[in-house]
Amino acid sequence: MRRYNIYASVPIAGRYELMKENPHPSGKADEDYWNECFTWEDLKKVIPFLRSQGWKFTIETVSEDEIYGNIHIFSFTYGVNHEFRIVNISGLRVIMALDFGTHKSVKESLNPIGY
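Computed from a prediction, not measured in an experiment: that's the story for all the values here. (Residues numbered from 1 in each chain as written. Predicted model: local features only at pLDDT ≥ 70, side-chain atom pairs only at ≥ 80, totals over all residues. Heavy atoms only, no water.)

So, about the overall build of the protein chain. Per the secondary structure count, the protein chain includes four helices and five strands. Counting from the amino terminus, helix and strand elements in the protein chain follow one another as β-β-α-α-β-α-β-β-α. A buried classification covers 36% of the 115 residues belonging to the protein chain. Of the contacts formed within the protein chain by residues at least 6 apart in sequence, a portion of 66% connects residues at least 24 apart. Summing over all exposed atoms, the protein chain offers an accessible surface of approximately 7,300 Å²; the carbon and sulfur share of this is 52%. (Helix = DSSP H or I, 4+ residues; strand = E, 2+ residues; numbered from the N terminus. Buried < 20%, exposed > 50% of the residue type's maximum accessible area, 1.4 Å probe, protein only. Contact = heavy atoms within 4.5 Å. Areas by Shrake-Rupley, 256 points an atom, 1.4 Å probe, with all protein chains shown as cover.)

Quick look at the structure:
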């Protein structure tokens, strides 16, 4: 089974990471990450909304075999050095997180599992 991560570029604001709200977190990082990824049915709701807003977006596929050690930035920092918004798209609550505290080159070298 596949799920998807979405990144949206909002004019002037920057590049947001989008994740589905997880109303019942388990406390297990891998399981929570998987539940925050979008399903194909979710994409059918979210993508038309993103297009209607004129935002550019990128979709990445994620398989269950690849999720070990992955986290969404909102889950890790919960608002520290991040701007976040919650958007309701066709009954689906979507969290948009923007990292404005760390330069991209430094961010790409970080390994959250090492902390």
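Now that the structure has been shown, the text picks up again.
Let us now look at the pattern of salt bridges. Applying the stated criterion to the full structure yields three salt bridges. Here Asp42 makes a salt bridge to Lys20, at a shortest N to O gap of 3.0 Å. Within this pair, whereas Asp42 is found in helix α2 (residues 40-53), its partner Lys20 is found in strand β2 (residues 14-20), the two being separated by 22 residues in sequence. For Lys20, a relative accessible area of 14% corresponds to the buried category. The partner of Glu21 in a salt bridge is Arg93, with the nearest N and O atoms 2.8 Å apart. In this pair, Glu21 is assigned in the loop between β2 and α1 (29-36) and Arg93 in strand β5 (residues 92-99), connecting sequence segments 72 residues apart. (Salt bridge = Lys/Arg side-chain N within 4 Å of Asp/Glu carboxyl O.)

Within a pair of aromatic rings, the relevant descriptors are the distance that separates the centres and the angle that separates the planes. Following the criterion strictly, the structure yields two aromatic pairs and no others. Plain terms: the ring middles of Tyr4 and Trp40 are 6.0 Å apart, the flat faces sit at 55° to each other, and that makes the pair tilted. In this pair, Tyr4 sits in strand β1 (residues 2-10) while Trp40 sits in helix α2, placing the two residues 36 residues apart along the sequence. (Phe/Tyr/Trp six-rings, centres within 6.5 Å; stacked < 30°, edge-to-face > 60°.)

By the secondary structure assignment, Ser52 is in helix α2. Here Phe49 takes part through its backbone oxygen, which lies 2.7 Å from a polar atom of the side chain of Ser52. (Polar contact = N/O pair within 3.5 Å; in protein donor to acceptor, adjacent residues only side chain to side chain.)

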